[in-house]
Amino acid sequence: MELVLTKNIRPEGEPLTLAEYEQAGGYEALRRALGMSPQEVQRMVTEANLLGRGGAGFPTGRKWASVPMGERARTPKYFVVNADEMEPGAMKDRLLLEGDPHQLIEGIIISAYAVEASQAYIFLRWEYRLAARRLVSALSQAYHHNRLGRRLLGSSFSLDIHVHLSGGRYMCGEAEALLSALEGRRAVPRSKPPYPTVCGLWGKPTVVNNVETVCNIPHIVKHGPEWFRSLSLTDEGGTKLYGVSGRVKRPGVWELPMGTPIRRLLDDHADGMQDGYGFRALLPGGGSTAFVLEEHLDTPMDFASMEAIGTRLGTGTMIVMDDRTCPVGMVRGLEGFFARESCGWCTPCREGLPWVARTLEALEAGDGRPEDLETLDHHARWLRMGHTFCALAPGAMMPLASALKHFRAEFESHIGARCPWS
Amino acid sequence: MPTIYVDGKPYEVAEEGKNLLDACLSLGFDIPYFCWHPAMHSAGACRQCAVKLFRDEADTRGQIVMACMTPVTEGVRISIADPEAVAFRASVIEWLMVNHPHDCPVCDEGGECHLQDMTVMTGHVRRRHRFRKRTHRNQHLGPLLHHEMNRCIQCFRCVRFYQEVTGGRDLDVFGWHDGIYFGRHEDGVLESPFAGNLAEVCPTGVFTDKTFKRHYTRPWDLQTAPAVCVHCGLGCNTIPGERYGLLRRIRNRFNAHVNGFFLCDRGRFGYEFVNSDRRLREPLLRGEDGELHPAGLAETMERLRAILQAGEAIGIGSPRASMETNFALREFVGAESFHDGTSRLDHDLMETIRTVLLKGPGRSASVQDVAEADAVLVLGEDVQNTAPLLALSLRKAVVQQAIGIAQRLNIHLYHDSAVREAIQQDTGPLFIATPDETPLDDIATLTYRRAPDDIARLGLAVANFIDPAAPRPDGLDGETEGLAGRIADELWNAERPLVVCGYGCGSRSVIEAATNVVCALERLGKDASLACTVPECNSMGLALMGARDPGSAIEAVRSGRARALVIAENDLFRRMRASDAEALLSGAEHVVVLDHLANRTAERAEVVLPAATFAECTGTFVNSEGRGQRSIQTFVPEGSVQASWRWLGRMIALRDGLAERPWGALDDLLAALARAVPVCARIRDLVPPSSYRLHGQRVPRQSPRYSGRAAVHAHEDVREVAPPLDPDSPMSFTMEGYGGQPPSALIARFWAPGWNSPQAVTKFERGVAGPLQGGDPGRRLIEPEDRNRLCYAGHIPPFEPRPDEWLAVPAYHVFGSEELSAATPAVATLTPAAYLGLSPHDAERMQVEEGQELGLDVEHEVHPLPMRLRPQLPPGVVTVPLGLPGLEGLELPTWVKLVVPGLSERALRT
């Protein structure tokens, strides 16, 4: 298979310099884009059917098309890269950030050009220090060679890119909370409408895209939407960075065609379960997706197929649960994380998640009571989209609700007894 | 008018663009809520107001939405009673109660707690959460508010109010998840002078009134009445509460035209002077030993008779006394001998303001009008310190134009955070021209720091830019010229331009210049308004009634024409130069003083009569807008305390040998006042007459839950004491009476079944945040006679600094500058020490440092004061905090000398 996003990445090595990147064909797409109108670039991305790689799978072209364009738009417009990769199990954006910063920068410039943004931010999670260092270095090369800055590459387009190393909070990965944080406020989400493409950073039109999404842009522009769609096994365009963690023989991240079935990832790339461990279930796209059982392992990993089996593709970085791990314990770990990361803005999330976490702790500690399952069911039922302010708590309920469904007996075995796995 | 369907029934909603919560509450439905507030709109945080929304008639499943975040649209179908919505709302309350301490029996909020009400409303009764509650450390937030964080339900109202409504920066939310904390970054006094509103904004007992806590009583045991604040000229509407003869707290009384939902902390916490040890409760007579001694009524009357028959008296009224008291004194001495008891300067300023507002062209702006202005020029006024609540209106005014940004983005205006995010810093225009920095500078488009005369010249220049027929000040500098042009453009382009001026600078020129701007705008067809601050709660009423200046009073005493001086509720040493006060007090043969508190003037009297405070008698005040408002007596005071006008009525009867007082009750006095002062005729109709009854009943001051009536006096007499009768209003001093909603002027508390907290106000309004049912109480007494009146003031020379003198301009402080509130312990602790404000330029020239003591030499009287650096003060100008202890009675601005101790003045200069 043709590697697209990761072809320049040298594992354990330094990323390509500007010269090396250009030698490998870098910044050609940018030159090509600058010869097109912003609307034409937008159209290419729409036709490529690139779905947002941050986890929600929203069509990137449609997001861009909702940005007010031309003279009547409020300026400055902003383009923001969401690099707050904090989903449990996710490490794909880190690979792109550290491995090929120029690819991201080129993607940002083209994207900003397509929506006529004049300022761009890369919002990094606190721990991505190495990525920040490499980005800053790559940016200075790009500025020095006029790939960035005023009238870049001799065109009429100007752009500045700023690297923002955040204070570090799961909530910052939520696009609107990210914008609040970038403005120097608490990372509390904003309600929609208005959408950020109309009223975003500092009240101006703003596009927030995920790192992997943006890295796809130069390739779409360079090779065209048909080529991009042809990379995929399904009708969702492109390749996808998939990850596997848990007790498999070879955990890692791979770039594969979009729609690669789960089992191929597990068996061909992660080399199956470690000896002595059996497969029990997996969370396909990070902590806030629902468990997938053995029976669904042949499902193609794309947004639509995952949704069809009641879960989400999310980040595409799966966490495998083996048969020697207590499902209650695993869910407890996740819910503890989500409870801690709640921003505290809305009641169901702020008060509900800690209650869930404490209940699971009690179950794990052998202090479970029959009514505890009722409490967990209650939260799985009520912490839904629309009931809460943002998607954090509904996401947190996905592993819990599916665990309650698939592993009911295991939950019940915790009541009035110590954890059978301990 | 859109129709909405609630649980299958159609209802007409008054306005489009509202949210469903607002609309449903306006229709009288009960939907529980926390983060939404009628003055702060929707946040979407608490998720309590969930209802079911249906796509159309065929949709039976529907989806849960937050009523506060969902717009009213034509034909929208919702259900409040839907079982799923009911269950979700109960679940939200259950979550909120997870960490709540359930300490209602020991909580000051108990009995008027929105959280209690909403919990009862949703029906959450069984606790399922079996884990430990989180606990917090409470903070010391100063003498006004008590902090109890464990009770917090994290609705975010406090920080939204504090930061967005008041502009405060030292209250914030800290931490994450269920550990979030609302407080300061460290213990300390909350800086905003509006912090006290948190006691009402907080839906539970996190922020409670600390002064109330010190003499706590259950809120339902308070006797309350509709009153008017006496601590500045705005006349905010309040609800004082009394129990056992002690005034225990003040709460806000909603009035859409005046204070809306909020009060300033001077108004809320300044009340304790009523309970002061310095209160005069019995008549005092000067004995042969030269000392004042308590005296009986008969003895007092005898002495008064002797004084009054000895010869002619002149009267000194007071801008802090009611219309009734001032009028009674005027009736007693005759209009020719009635003086307003203020300095020549203040008399002159009030004459100017009265003329402008009565004759035109300026129409006086209400507090509400100020909030709706879309371009504002402030001339010479430190608004937050001279008329505190007006500052909140200006904070609303600066977003009036910016709201258009949100509207163009199709953002619903109730969506508070989205509106703010869309607007960001694009607020204004607001121009502030003052001698020194002001707490509103953070929202100013531009500020201008000059001496009063230069501020006036800026005003003239603005007027001249708008209307070239207006006089043009000569010799303008470039900065002023450019600024004036910009201000003129902004005012001209606005729909509702406003000019704010007032007493703050002590400068008639500034008021005249403000008038020029309004005059120019009006002449060219703009609907401009003028907000003039006035020094005290009845300055405007006194000016409308007309009173003579202090010079003529001194003359009358000096010439021997007046032998007796009758002073009503006025400490002369606070309002005029000590030399003038001295001339009056030592010149008169007999001095009779009526007042609440022992003060320097009362000390000099021969007869002192104990006068009722605002809480102890009914009276009328006219605010800076010219709005007459009745303040109804809250409780019957102990001792011989009586309304001053009653004492004065007695004195008239005594002097004239009448069998009865000329006015038995308030309505008689008001009838006489209406005849004698036609401009005030409407004050008769502010409140229904005392004979008014609703279904044959009076309006009760006590709640139906008022407890212990029979027990209160049981230690004295087990028989129940008959409640006192109120001859001055249709209200009773009991819990019996009409239980429904009375006319708005007689609302003693906001309460409705199931709504025990201040949130019940919604049930009294015509639509959420709308006017009270039947119209807000109070009436405008004045309208400009001629809005096209040409009254351009002419030449004002530029300010010229002097080589060896400084122009001392007054500075004001919310806490300390006003007489009565300063006698309140909580306010006294917040009053800054007197100081002298000096520009860095002058400080450097004089080689003095911050904190160093300087002598302020005002007409050879030297006040030693520590120096405070005022970075924005222009050279040649110093600020003096007028009214602070030691600095009362100065007539500012005036030229002063500065003395550095240890240096001769000459040495200082060279």
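Here the structure is a predicted model, which is why all the values come from computation and not from measurement. (Residues numbered from 1 in each chain as written. Chains lettered and ligands numbered in written order. Predicted model: local features only at pLDDT ≥ 70, side-chain atom pairs only at ≥ 80, totals over all residues.)

Draft legend 1. Highlighting the confidence of the model for chain B. Residue and element names in this part refer to chain B. The predicted model of chain B has a mean per-residue pLDDT of 95, with 99% of residues at 70 or higher. Note on residues 906–910: pLDDT is under 50 here. Beyond four places in sequence and across chains, it has four contacts. Scoring the predicted complex yields pTM 0.96 and, for the interface, ipTM 0.95. (pLDDT = per-residue confidence, 0-100. Contact = placed C-beta atoms within 7 Å.)

Draft legend 2. Representation of the sheet that holds strand β2 (residues 119–124) of chain A. All names here are of chain A. Spatially, β3-β2-β1-β4 is the arrangement adopted by the four strands of the open sheet, whose pairing is parallel. Pairing within the sheet leaves two strands with one partner each, and these edge strands are β3 (160–165) and β4 (206–210). Taking the axes of each pair of neighbouring strands and ignoring which way they run, one obtains an average angle of 20 degrees across the sheet. (Pairing = 2+ DSSP bridges. Helix = DSSP H or I, 4+ residues; strand = E, 2+ residues; numbered from the N terminus. Axes fitted to C-alpha atoms, helices over the stretch in contact; angles between N-to-C directions.)

Draft legend 3. Inspection of the sheet that holds strand β24 (residues 564–568) of chain B at higher detail. Residues and elements named next belong to chain B. With respect to topology, seven strands assemble into an open sheet ordered β15-β14-β26-β25-β24-β16-β17, the strand pairing being mixed. Edge positions in the sheet fall to β15 (292–294) and β17 (338–339), since each of these pairs with one other strand and no more. Looking at chain direction, strand β16 (residues 313–316) and β24 are connected through four bridges and run parallel. Note that in β24 the partner of G315 across the bridge is V566.

Draft legend 4. Region of the structure containing helix α8 (residues 175–182) of chain A. Residues and elements named next belong to chain A. Of all eight residues in α8, eight are buried; the element is thus mostly enclosed. All of the buried residues in α8 are A175, E176, A177, L178, L179, S180, A181 and L182. Each element contacted by the buried residues of α8 is listed here: β1 (78–83), β2, β3 and β4. G184 occupies a position one or two residues after α8 and carries a positive phi of about 90 degrees. (Buried ≥ 20, exposed ≤ 12 C-beta atoms within 10 Å, placed from the backbone.)

Draft legend 5. Region of interest: the packing of helix α16 (residues 452–466) of chain B against helix α17 (residues 478–493) of chain B. All names here are of chain B. Where α16 meets α17, the axes come as close as 8 Å, and the angle between the chain directions of the two elements is 55 degrees. The orientation of α16 with respect to α17, classified from their angle, is oblique. For the pair α16 and α17, the crossing hand works out as right-handed. On the side of α16, the interface is formed by R457, L458, A461, V462, F465 and I466, while α17 contributes T480, E481, L483, A484, G485, I487, A488, L491 and W492. Its residues assigned to classes, the contact of α16 with α17 comprises eleven nonpolar, two polar and two charged. (Parallel < 35°, antiparallel > 145°, perpendicular 65-115°, else oblique. Left-handed = near helix turned anticlockwise from the far one by under 90°. Nonpolar A, V, L, I, M, F, W, Y, C, P; charged D, E, K, R; others polar.)

Draft legend 6. Representation of unusual backbone geometry. Going from P193 of chain A to P194 of chain A, the amide bond is cis rather than trans, its omega being 0 degrees. Positionally, P194 of chain A belongs in the loop between α8 and β4. Backbone torsion omega between L892 of chain B and P893 of chain B reads 5 degrees, so that peptide bond is classified as cis. By the element assignment, P893 of chain B lies in the loop between β36 (877–881) and β37 (894–899). Phi is positive for Y244 of chain B, which is not a glycine, with a value near 55 degrees. By secondary structure assignment, the location of Y244 of chain B is in the loop between β12 (237–243) and β13 (246–252).

Draft legend 7. Up close: helix α4 (residues 157–165) of chain B. All names here are of chain B. Listing the buried residues of α4 in full gives R157, C158, R160, F161, Y162 and V165. The inward-facing, buried residues of α4 contact β8 (181–183), α5 (198–201), β9 (207–209) and α13 (388–397). G167 sits one or two residues past α4 and shows a positive phi near 80 degrees.

Draft legend 8. Up close: the nonpolar core. In this structure, V80 of chain A together with L379, L389, V462, V499 and L565 of chain B are the most contacted members of the largest nonpolar core, which totals 419 residues. If we skip the residues at most four places from it in the chain, V462 of chain B touches L377, A484, I487, A488 and V517 of chain B. (Core = buried A, V, L, I, M, F, W, Y, C linked by C-beta atoms within 7 Å.)

Draft legend 9. Highlighting the interface of chain A and chain B. At the junction of the two partners, chain A supplies 29 residues and chain B supplies 31 residues. Secondary-structure elements contributing two or more residues to the side of chain A that touches chain B are α13 (327–341), α14 (347–364) and α15 (370–382) of chain A. By residue number, the principal contributor to the side of chain A that touches chain B is α14 of chain A, which donates eight residues. By residue class, the composition of the side of chain A that touches chain B is 13 nonpolar, ten polar and six charged.

Draft legend 10. The packing of helix α2 (residues 83–96) of chain B against helix α3 (residues 114–122) of chain B, seen in detail. Residues and elements named next belong to chain B. Where α2 contacts α3, the two axes come as close as 9 Å, and the packing angle between them is 140 degrees. Here α2 lies oblique to α3, going by the angle between them. The handedness of the crossing between α2 and α3 is left-handed. Between α2 and α3, the residues in contact are R89, A90 and I93 and M118, T119 and T122, respectively. Classifying every residue of the contact of α2 with α3 gives three nonpolar, two polar and one charged.

Draft legend 11. Quick look at the pairing of β2 of chain A. All names here are of chain A. Counted residue by residue, β2 has six buried out of six residues, so it is predominantly covered. Burial along β2 is two-sided: Q119, Y121 and F123 facing one way and A120, I122 and L124 facing the other are all buried. By the bridge criterion, six bridges tie β1 to β2 in an arrangement that is parallel. Note that in β2 the partner of F79 across the bridge is A120. When β2 meets β3, the two strands line up parallel, connected through six bridges. Looking at the pairing, Y121 lines up with H162 of β3. In this view, the connection linking β2 to its parallel neighbour β3 by way of helix α7 (residues 129–144) has right-handed handedness. (Right-handed = clockwise from strand over helix to strand, strands pointing away.)

Draft legend 12. The arrangement of the domain arrangement of chain B in detail. All names here are of chain B. The assigned domain composition of chain B is domain 1 (3–96), domain 2 (284–342 + 541–764), domain 3 (347–534) and domain 4 (806–909). The distance between the C-alpha centroids of domain 3 and domain 4 comes to 28 Å. Partitioned by chemical class, the residues of the side of domain 3 that touches domain 4 number five nonpolar, five polar and five charged. (Domains from an automatic or database assignment.)

Draft legend 13. Structural context of the pairing of strand β28 (residues 627–631) of chain B. Residues and elements named next belong to chain B. Extensive coverage of β28 is indicated by the burial of five of its five residues. A two-sided burial pattern is seen for β28, the buried positions comprising R627, Q629 and S631 on one face and G628 and R630 on the other. Bridge count between strand β27 (residues 619–622) and β28: four bridges; the pairing is antiparallel. Its bridge partner lying in β28, T620 is registered against R630. Adjacent in sequence and paired antiparallel, β27 and β28 are bridged by four residues, among which G626 carries a positive phi angle near 95 degrees. Relative to strand β31 (residues 779–780), β28 is paired through two bridges, and the arrangement is antiparallel. Within β31, the residue paired with R627 across the bridge is R780.

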